[in-house]
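The chain contents come next:
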Amino acid sequence: MSNDKPSRRQQILEALAHELETSPGERITTASLARAVGVSEAALYRHFPSKAKMFEGLIEFLEDTVFGLINRILADEKDVVARCEKIMAVLLGFSARNPGITRILVGDALVGETERLRVRVGQFYDRIETQFKQVLREGELAGRLPAGAPVAAMAGLLVAAAHGRMAQFVRSGFKRSPVEMWEQQWPLLARGLF
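Values in this document were obtained by computation on a predicted structure and should not be read as measured data.

**Student:** Explain the packing of helix 1 (residues 8-22) against helix 4 (residues 51-76) to me, using residue names and the numbers behind them.
**Tutor:** The description of two packed helices rests on the angle between their axes and on the distance between the axes. At a closest axis distance of 10 Å, the pairing of helix 1 and helix 4 adopts a crossing angle of 90 degrees. With respect to each other, helix 1 and helix 4 are oriented roughly perpendicular. Contacts from Ile 12, Leu 13, Leu 16, Ala 17 and Leu 20 of helix 1 reach helix 4 at Met 54, Phe 55, Gly 57 and Leu 58. Looking at side-chain class alone, the contact of helix 1 with helix 4 contains eight nonpolar, one polar and no charged residues.

Here it is in structure tokens:
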């Protein structure tokens, strides 16, 4: 991001993420969001046609960031276990740095919102699971995993572990970081998987 003053659209998204972080368990209204940004509700709607579009803006930021980092990992790292570990680190690290968006990822912030948002988050997790499957299949083809490894089950377990860490973060009121004890937990998970 440049050092320029953020656009009003960016300010709105940052305010929404901040409100989600500082008001856990509460539904964010456009009135409270407008107050946080320092504009009228009408000004919010000039930049986003609906609150759902604001949430989608945060989901797009999540996708762009996470998948951009994953693509770098895939380009730089060839070992299947290291790839999986680094992808998990990206997911958990993003969550730790973005508590408000983590509330969206675990569905907490989407209660009472449009079903389209829950579907979009589900698609994010599906893409992550597909990415793990691809990494694992490539590892199997390269002889780094045994032939016939349960790739789908392994990928599902990795996604479930990441989601569980994020849910624990939200449940704790953001006190238990998703990366807390991860250095000790990854070897236990990897030993069972690989």
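**Student:** Can you tell me about the nonpolar core, naming the residues and giving the values?
**Tutor:** Judged by nonpolar contacts, the single largest core of 61 residues is most densely connected at Val 66, Leu 91, Ile 104, Phe 124, Ile 128 and Phe 132. If you tally residues by element for this core, the top one is helix 4, at 11 residues. Sequence-distant contacts of Ile 128, that is, excluding residues within four places in its chain, are made with Val 66, Phe 67, Ile 70, Leu 91 and Val 159.

**Student:** Go over helix 7 (residues 115-141), please, and point to the residues and values.
**Tutor:** A rise of 1.5 Å per residue sets the reference length of helix 7, with its 27 residues, at 39 Å; its end C-alpha atoms lie 39 Å apart and thus fit the reference within 8%. Within helix 7, burial applies to Leu 117, Arg 120, Val 121, Phe 124, Tyr 125, Ile 128, Gln 131, Phe 132, Val 135, Leu 136 and Gly 139. Against the buried residues of helix 7 lie helix 4, helix 5 (80-97), helix 6 (99-105) and helix 8 (151-171).

**Student:** Please give an account of helix 1 that cites residues and values.
**Tutor:** Between its terminal C-alpha atoms helix 1 stretches 21 Å, which fits the 21 Å expected from 15 residues at 1.5 Å a residue. For helix 1, the complete set of buried residues consists of Ile 12, Leu 13, Ala 15, Leu 16, Ala 17, Glu 19 and Leu 20.

**Student:** Go over the environment of Ile 128, please, and point to the residues and values.
**Tutor:** For Ile 128, the location among the structural elements is in helix 7. Each C-alpha atom of the pair Ile 128 and Ile 59 lies 14 Å from the other, and the pair is 69 residues apart in sequence.

**Student:** Please give an account of the pattern of salt bridges that cites residues and values.
**Tutor:** A full pass over the atoms with the stated rule returns nine salt bridges. Put simply, Lys 53, Glu 56 and Arg 116 are held in one network by salt bridges that share partners.

**Student:** Lay out the packing of aromatic side chains with the relevant residues and their values.
**Tutor:** For the structure shown, the criterion picks out six aromatic pairs. Taking 5.6 Å as the distance between ring centres and 70 degrees as the angle between the ring planes, the aromatic pair formed by Phe 124 and Tyr 125 counts as edge-to-face. Here Phe 124 and Tyr 125 have matching classes, each one buried. Following the ring pairs from residue to residue traces out a cluster consisting of Phe 67, Phe 124 and Tyr 125. Directly above the ring of Phe 67 sits Arg 127, whose terminal nitrogen or CZ lies 3.7 Å from the centroid.

So, how was this worked out
In this numbering scheme, every chain counts its residues from 1 along its sequence in written order. At least 70 in pLDDT is required for a residue's local features to be given in this predicted model, at least 80 for side-chain atom pairs to be given and counted, and no such filter applies to totals for whole chains, interfaces and linings, which use all residues. Note that the side-chain values use all heavy atoms of the structure and ignore hydrogens as well as water. Interaxial angle, 0 to 180 degrees, is taken between N-to-C directions of lines fitted to C-alpha atoms, where a helix line uses only the stretch in contact. Counting from the N terminus, the helices are the DSSP runs of H or I reaching at least four residues and the strands are the DSSP runs of E reaching at least two. In these notes the angle categories are as follows: under 35 degrees is roughly parallel, over 145 is roughly antiparallel, 65 to 115 is roughly perpendicular, and the rest is oblique. Two residues qualify as a contact provided that any one of their heavy atoms is within 4.5 Å of a heavy atom in the partner residue. Polar here means any residue other than Ala, Val, Leu, Ile, Met, Phe, Trp, Tyr, Cys and Pro, which are nonpolar, and Asp, Glu, Lys and Arg, which are charged; Gly is therefore polar. Grouping buried Ala, Val, Leu, Ile, Met, Phe, Trp, Tyr and Cys residues that are joined through side-chain atoms within 4.5 Å yields what is termed a nonpolar core. Whether a residue is buried, partly exposed or exposed follows from its accessible area with a 1.4 Å probe, protein chains only, as a fraction of its type maximum: under 20%, in between, or over 50%, in that order. Expected helix span is taken as 1.5 Å per residue step, with the number of steps being one fewer than the number of residues. One side-chain nitrogen of Lys or Arg within 4 Å of one carboxyl oxygen of Asp or Glu is enough to make a salt bridge. Side-chain rings of Phe, Tyr and Trp, where Trp is taken by its six-membered ring, are said to pair if the distance between their centres is within 6.5 Å; with planes under 30 degrees apart they count as stacked, over 60 as edge-to-face, and otherwise as tilted. For a ring to carry a charge above it, either NZ of a lysine or CZ of an arginine must fall within 6 Å of the ring centroid while also lying within 35 degrees of the normal to the ring plane.

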